[in-house]
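# Coordinate inspection notes
Residue strings, one per chain:
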Amino acid sequence: DTAVSQTPKYLVTQMGNDKSIKCEQNLGHDTMYWYKQDSKKFLKIMFSYNNKELIINETVPNRFSPKSPDKAHLNLHINSLELGDSAVYFCASSQGGTLGETQYFGPGTRLLVL
Amino acid sequence: AQKITQTQPGMFVQEKEAVTLDCTYDTSDPSYGLFWYKQPSSGEMIFLIYQGSYDQQNATEGRYSLNFQKARKSANLVISASQLGDSAMYFCAMARTGTASKLTFGTGTRLQVTL
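Residues numbered from 1 in each chain as written. Chains lettered and ligands numbered in written order. Predicted model: local features only at pLDDT ≥ 70, side-chain atom pairs only at ≥ 80, totals over all residues. Heavy atoms only, no water.

## Let's talk about the state of the cysteines
- Within this structure, the stated rule accounts for two disulfides over all chains.
- Paired through a disulfide, Cys23(A) and Cys91(A) show a sulfur-sulfur distance of 1.9 Å. Here the disulfide of Cys23(A) and Cys91(A) is left-handed, its torsion about the S-S bond being about -75 degrees. Placement of Cys23(A) in strand E3 (residues 19-25) and of Cys91(A) in strand E9 (residues 87-94) is noted, with a sequence separation of 68 residues between them.
- The class of Cys23(A) is buried, set by a relative accessible area of 1%.
- Each sulfur in the disulfide pair Cys23(B) and Cys92(B) lies 2.0 Å from the other. Handedness here is read from the sign of the S-S torsion; for Cys23(B) and Cys92(B), about -65 degrees, the answer is left-handed. With a gap of 69 residues between them, Cys23(B) in the loop between strand E3 (19-21) and strand E4 (24-26) and Cys92(B) in strand E10 (residues 88-96) connect regions that are remote in the sequence. With respect to burial, Cys23(B) and Cys92(B) carry one shared label: buried. (Disulfide = S-S within 2.5 Å. Helix = DSSP H or I, 4+ residues; strand = E, 2+ residues; numbered from the N terminus. Buried < 20%, exposed > 50% of the residue type's maximum accessible area, 1.4 Å probe, protein only.)

This is how it looks when you write it as C-alpha cells:
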C-alpha cells in the first residue's frame with residue numbers, strides 16, 4: 001500500500017552513463033514533482049507535472065529530462081552523468097487543488113556517480 | 001521569490017521535554033502554505049504538519065503544533081513530550097497556494113533527543 005514509490009533506491013554508475021529513475025504514486029494525485037537533495041541536505045525543486053503537463057522547470061541542465069506517461073507516473077532520465085549529479089532524488093505528489101497543497105514524498109533514490 | 005530561514009543547525013532536547021524549532025519565512029504571495037517535514041537517518045521525507053496563511057487557528061497534529069505568527073513571518077514547530085524516535089532532521093517549507101506549486105525549503109535543523 002505504498003503511496004509514492006521510486007525505483008531504484010540506490011544507483012551507482014560511471015560518469016558519462018545515462019540512467020533513469022522511476023516514480024509511481026497510487027494516491028490518485030494530479031501533480032507530481034522531482035526534487036534534488038544535495039550533500040548538504042538542501043532540497044530544491046527540479047520539475048513539476050500536472051496531469052502529464054510540465055508546469056515547473058527550474059534551472060536544470062537539459063541532460064535531465066522528465067517524462068510523465070500518465071498522471072500516476074513521473075520518470076526522470078539523466079544523460080551523460082556528471083560527478084555533480086550525485087545526490088538524493090525525491091519524487092513527490094500532491095492533490096492538485098487550490099488549498100493545502102501537501103506534497104507526499106517517495107523514499108528517495110540515492111545516486112552516486114563515480 | 002520565497003525564502004525560508006532555519007537558524008538552528010542543531011538542537012538537543014531531553015526525552016519527555018518540549019522543543020521548539022524555529023522557522024521564519026519571506027514571501028510576497030498573499031496566500032501560501034507552511035509545512036514541516038521530518039527526515040530520519042533512514043532518509044525518507046515525512047510530512048508532519050501544515051498551516052495555511054489564512055488559517056485563524058494554529059495547526060496541531062498529535063504531539064506536533066505549529067506556532068504561526070503571521071506578522072512576524074514565523075512558523076515554529078513545537079514538539080511536545082519528545083521521544084527518542086524524534087531524533088531527525090526537520091525541514092520547514094512553504095509553497096504558494098495553488099496547483100503544482102513548488103516547495104521552498106529551509107536548510108533544516110538536526111534534532112537530537114537524549115535520555
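Here the narrative resumes.
## Regarding the nonpolar core
- Residues Trp36(B), Ile49(B), Leu77(B), Tyr90(B) and Leu111(B) are the most contacted members of the largest nonpolar core, which totals 24 residues.
- Counting only elements with at least two residues in this core, the list comes to E3, strand E5 (32-39), strand E6 (46-52), strand E8 (64-69), strand E9 (74-79), E10 and strand E12 (109-114) of chain B.
- Leu11(A), Trp34(A), Tyr89(A) and Leu111(A) belong to the second-largest nonpolar core, a separate cluster that totals 19 residues. (Core = buried A, V, L, I, M, F, W, Y, C linked by side-chain atoms within 4.5 Å.)

## Description of a nonpolar patch on the surface
Residues and elements named next belong to chain A.
- Residues Val12, Leu112 and Leu114 make up a contiguous nonpolar surface patch of about 270 Å² in total accessible area.
- You can see Leu114 is positioned in the segment after strand E11 (109-113).
- Taking the relative accessible area as the measure of exposure, Leu114 reaches 48% and is therefore partly exposed. (Patch = residues over 30% accessible without salt bridge, like charges linked within 9 Å, V, L, I, M, F, W, Y side chains within 5 Å. Areas by Shrake-Rupley, 256 points an atom, 1.4 Å probe, with all protein chains shown as cover. Salt bridge = Lys/Arg side-chain N within 4 Å of Asp/Glu carboxyl O.)

## What about the packing of aromatic side chains?
- Considering all chains together, one arrives at 15 aromatic pairs over all chains under this definition.
- When the ring of Tyr104(A) is compared with that of Phe47(B), the centres are 5.9 Å apart and the planes differ by 75 degrees; the resulting orientation is edge-to-face. Here the residue Tyr104(A) occupies a position in strand E10 (residues 104-105), and Phe47(B) occupies one in strand E6, the pair thus bridging two chains.
- Relative accessible area serves as the criterion here: at 24%, Phe47(B) is assigned to the partly exposed category.
- When the centroid spacing of 6.2 Å and the interplanar angle of 75 degrees are considered together, the rings of Phe105(A) and Phe105(B) count as edge-to-face. (Phe/Tyr/Trp six-rings, centres within 6.5 Å; stacked < 30°, edge-to-face > 60°.)

## Quick look at the interface of chain A and chain B
- Tallying the contact residues gives 26 residues for chain A and 22 residues for chain B.
- Note on chain A versus chain B: buried area summed over both sides is about 1900 Å², and carbon and sulfur give 61% of it.
- For the chain A face of the interface with chain B, the top three residues by lost area are Lys41(A), Leu43(A) and Phe105(A), together amounting to 25%.
- Connecting chain A to chain B are six residue pairs in polar contact (both at pLDDT 80 or more).
- Mapped by element, the contributors of at least two residues to the side of chain A that touches chain B are strand E4 (31-37), strand E5 (43-50), strand E6 (53-57) and E10 of chain A.
- Among the residues making up the side of chain A that touches chain B, the classes are represented as 12 nonpolar, 10 polar and four charged. (Contact = heavy atoms within 4.5 Å. Buried area = accessible area lost by both parts, 1.4 Å probe. Polar contact = N/O pair within 3.5 Å; in protein donor to acceptor, adjacent residues only side chain to side chain. Nonpolar A, V, L, I, M, F, W, Y, C, P; charged D, E, K, R; others polar.)

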